[in-house]
Amino acid sequence: MTRFVVDAGAVLDLVASGAEVPAAHELLAPTLLRSQTLSLLHEAVHRGDLSAVAARDRLDRIGRMRIRLLGDSALRRRAWQVADQLGWASTFDAEYVALTQLQADALVTASADLSAAVADVVRVAPIATLLDPSA
């Protein structure tokens, strides 16, 4: 079983495409994933990019995804260290990186900027990797 940390952008891409992640993969995320996906969907509705009905449907589908949410003190300590190491003021992205370091094989993100920023710190995999049961 391959363990992937997925960020909010990757999760939103998965639900938008209707893709199913094979059971051969375990998905992990920090607990902040809930708030981030909620906020990103609400922002899309506010901008007029998505209807409220569609956004709530995606939020429901995210709630049904098999994602193990973690947020213990060890993760928070490591996220602080990662943010310091990478020179980041915010620890939001650092939580995804820290969780990858602590418990996963790779980070899956929809952000090219994040992917480039952490390529020397953790293994980063494209979203398509989640759909390959042999990855």
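Scroll up to find the structure this text is about.
Residue positions within a chain follow its written sequence, with the count starting from 1. Note on the predicted model: pLDDT of at least 70 is required for a residue's local features to be given, and 80 or more for side-chain atom pairs to be given and counted; whole-chain, interface and lining totals, by contrast, use all residues. Water and hydrogen atoms were dropped before computing side-chain values, which therefore reflect all heavy atoms in the structure.

Things to note about the nonpolar core
Here is step 1: Buried Ala, Val, Leu, Ile, Met, Phe, Trp, Tyr and Cys residues that are joined via side-chain atoms within 4.5 Å together make up what is termed a nonpolar core. Buried means the residue's accessible area, taken with a 1.4 Å probe over protein chains only, is under 20% of the maximum for its type, while exposed means over 50%, and partly exposed covers the values in between. Grouped together as the largest cluster of nonpolar side chains are 41 residues, with contacts concentrated most on Val6, Tyr96, Leu107, Val108 and Leu130.
Here is step 2: Ranked by the residues each element gives to this core, the list is headed by helix α1 (residues 8–17), at six residues.
Here is step 3: The criterion used for residue contact is that any of the two residues' heavy atoms lie within 4.5 Å. Filtering out sequence-adjacent residues up to four positions away, Leu107 remains in contact with Val5, Tyr96, Val97, Thr100, Leu114, Val118, Val122, Arg123, Val124 and Ala125. Helix and strand labels come from DSSP, where a helix needs a run of H or I of at least four residues and a strand needs a run of E of at least two; each type is numbered from the N terminus.

A look at the pattern of salt bridges
Here is step 1: By definition here, a salt bridge exists when the distance from a side-chain nitrogen of Lys or Arg to a carboxyl oxygen of Asp or Glu is within 4 Å. Under the defined criterion, the tally for this structure stands at four salt bridges.
Here is step 2: The partner of Glu26 in a salt bridge is Arg3, and the shortest N-O contact between them spans 3.1 Å. Separated by 23 residues along the polypeptide, Glu26 in strand β2 (residues 25–30) and Arg3 in strand β1 (residues 2–6) bring together distant segments of the chain.
Here is step 3: In this structure, the salt-bridge partner of Glu26 is Arg68, at a minimum N-O distance of 3.8 Å. Residue Glu26 is located in strand β2, and its partner Arg68 is located in strand β3 (residues 67–70); the two are separated by 42 residues in the primary sequence.

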